[in-house]
Structures are given as C-alpha cells and as structure tokens.
Amino acid sequence: MLSGPPVTTTLSADQLIERFVSSAPRQRRSLLPQVLKRSSECRPLIADQIDRWDATGDDWACGTLIQLLVSEKDALSQAFWSRYSEGWLAVTSGQGPNYTPLQLALIRQDFEEADRLTSEHLRELAGPAAEKRGYVYYSEVPPMASVDLESLDRLWVTFSQARFGFSVQLRLLRSLGNRWEQLWPRIGWKQAGLWTRYPKAFTWSLEAPEGHMPLVNQLRGVRLSQLLWLNHLVTCEDPGAT
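Residues numbered from 1 in each chain as written. Predicted model: local features only at pLDDT ≥ 70, side-chain atom pairs only at ≥ 80, totals over all residues. Heavy atoms only, no water.

Turning next to the layout of surface pockets. Of the volumes computed, that of the largest pocket is approximately 540 Å³. If you trace the largest pocket, you find 22 residues lining it, with S119, L215, V216, N217 and Q218 closest to the centre. For the lining of the largest pocket, a count of residues per class yields 13 nonpolar, five polar and four charged. (1 Å grid on protein atoms, 1.4 Å probe; cavity = no way out; pocket = protein on both sides within 12 Å on 5 of 7 lines; lining within 4 Å. Points joined across faces, edges and corners; volume = space filled by probe spheres on them. Nonpolar A, V, L, I, M, F, W, Y, C, P; charged D, E, K, R; others polar.)

In terms of nonpolar packing, the biggest core is built from 73 residues, with F80, W88 and W229 touching the most fellow members. Per-element accounting of this core gives the leading share, seven residues, to helix 5 (residues 60-69). (Core = buried A, V, L, I, M, F, W, Y, C linked by side-chain atoms within 4.5 Å. Buried < 20%, exposed > 50% of the residue type's maximum accessible area, 1.4 Å probe, protein only. Helix = DSSP H or I, 4+ residues; strand = E, 2+ residues; numbered from the N terminus.)

This brings us to helix 3 (residues 25-37). A rise of 1.5 Å per residue sets the reference length of helix 3, with its 13 residues, at 18 Å; its end C-alpha atoms lie 19 Å apart and thus fit the reference within 8%. L31 marks the point of greatest bend in helix 3, at about 40°, and the proline P33 comes within the next four residues. Among the residues of helix 3, P25, R28, L31, L32, Q34 and V35 are the ones counted as buried. (Expected span 1.5 Å × (residues − 1). Bend = angle between axes of the 7 residues up to and from the residue.)

A few words on the confidence of the model for the protein. Do not read the predicted coordinates in detail wherever pLDDT is low. Looking at the protein, pLDDT values average 92 and 91% of them are 70 or higher. Confidence drops under a pLDDT of 50 for residues 1-5, and excluding neighbours within four residues, the segment shows one contact in the predicted structure. (pLDDT = per-residue confidence, 0-100. Contact = heavy atoms within 4.5 Å.)

Moving on, we come to the pattern of salt bridges. Counted under the stated rule, the structure contains eleven salt bridges. Note that R43 and D74 form a salt bridge whose closest N and O atoms lie 2.9 Å from each other. Note that R43 is positioned in helix 4 (residues 39-49) and D74 in the loop between helix 5 and helix 6 (75-83), a separation of 31 residues in sequence. E113 is paired through a salt bridge with R116; the nearest N and O atoms lie 2.7 Å apart. (Salt bridge = Lys/Arg side-chain N within 4 Å of Asp/Glu carboxyl O.)

Moving on, we get to the packing of helix 2 (residues 13-22) against helix 3. Helix 3 packs onto helix 2 with a crossing angle of 150° between their chain directions and a minimal axis gap of 9 Å. Considered as vectors, helix 2 and helix 3 are oriented roughly antiparallel to each other. Note that helix 2 runs across helix 3; the crossing there is left-handed. Contacts from L16, R19, F20 and V21 of helix 2 reach helix 3 at Q27, R28, L31, L32, Q34 and V35. Its residues placed into classes, the contact of helix 2 with helix 3 shows six nonpolar, two polar and two charged. (Axes fitted to C-alpha atoms, helices over the stretch in contact; angles between N-to-C directions. Parallel < 35°, antiparallel > 145°, perpendicular 65-115°, else oblique. Left-handed = near helix turned anticlockwise from the far one by under 90°.)

In structure tokens:
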C-alpha cells in the first residue's frame, strides 16, 4: 500500500484556500485544521480572494478566512479594516437596525459582546415597549421583519464556522425530535438540570457547544424561541447540517 504526505500538505497555500472555500461542508471541516496551521502562509493571500466571494450569502469558510486575516495586529489586518470598516458581509434590515457593530464583534470573535448586541437588536425589532422592559414577549415576534432575523442568523453562521445561529439551533431541535428538554443540555443552556448562569457560566468562544449562541431567554417558556426559529427561519438551510 502506497503511503505519503497528506494531500493538504502538498497543496500550495493558494490551492488550500481555494479548496477550503469550494468544498462541501464536511470536507471543509477536515481542511480547517490545516488552514489554521498554515496561517502564516494563508493570511497574505486572503485579501486578494475576498472580491471573489459572495457577500450576500452565509458562507462560513469565507467568514473563517476573514477572521484569520484579522487575527493579528499587522498591516494585513489594518488593510482589511480600512477597506471594510463596516464589515464584509452584506446585511439588510426592514426595520432600521444598524448591524455593523454586531458584525465587527463577530469578526473579532468577541462572542459575548455579539450576543449582547443581538439581544439589543431583538428588543429594537420588537418595539419601544420591549426596549423599555428589557426583554421580548413572544407575541412581539410575528411582526418582526423576516429579513432582519435572517440577517442576524447569517451573521452568526458566517462568523462561527456554522456552529452558532438561529438556524443551527433549529436544526439541533429537529434532530432531537423537537424535544426541547433535550435541546437545553445539548447546546449548553442547562447543566445538571439547572439553567446555566449568565454570563459567567457560558462559553464565549468557538469551543462552546454547537448552537450555544445567540442566547434566548427561556424563563418565560419556549414560545419565544419557537417563534424566532420556526416561524421566521423554517425555510433557512443550515450550512453546517452536512
């Protein structure tokens, strides 16, 4: 039986980036460790690739490479921020929120801040009463513009290696036969039968359980999540599902 170095070690950095972006999700995951390991080779090449990518989608491979590009404070990251000061992903709103701070937090992998901003945006979408009380009633979800919830989801999926986002949470719920009590420990919102304490007991990194973020308060029941995930995102295709 012939043996030799893994195929990824024989690829140039350019070829590795191209294969990572163009591959199916499962192959991407197998290529990701090699991309990260060869960061010093890949980072100088990423900027020239960005214009070829679709900023209107939710491609987590592109999001991961952008996070890799800005992972060091040098001329490469400065050039990216100069060109994309409001972020790379094209997001729209039907109700007016500015998602730039959220996108910048996600690119920098400041997930705790991104989660706080997401909660803030949901209250903003729900209206002045929700902003004043500090949380959203489930009855305030149906009037929310679907484009806004989809924008929030795309931001989380793109900049989390498709590990976080409403559509990811929905996929996990479906995989558990819509059994909510099995979902909470699966995504790390419950531990030993108790709700995980916010914010210190949550894991604000890519090491968190799949579906861990963004958080949705469950103390008033599952209706809020049910409406956010099922009513508005039922047609969304989770890019991490395969």
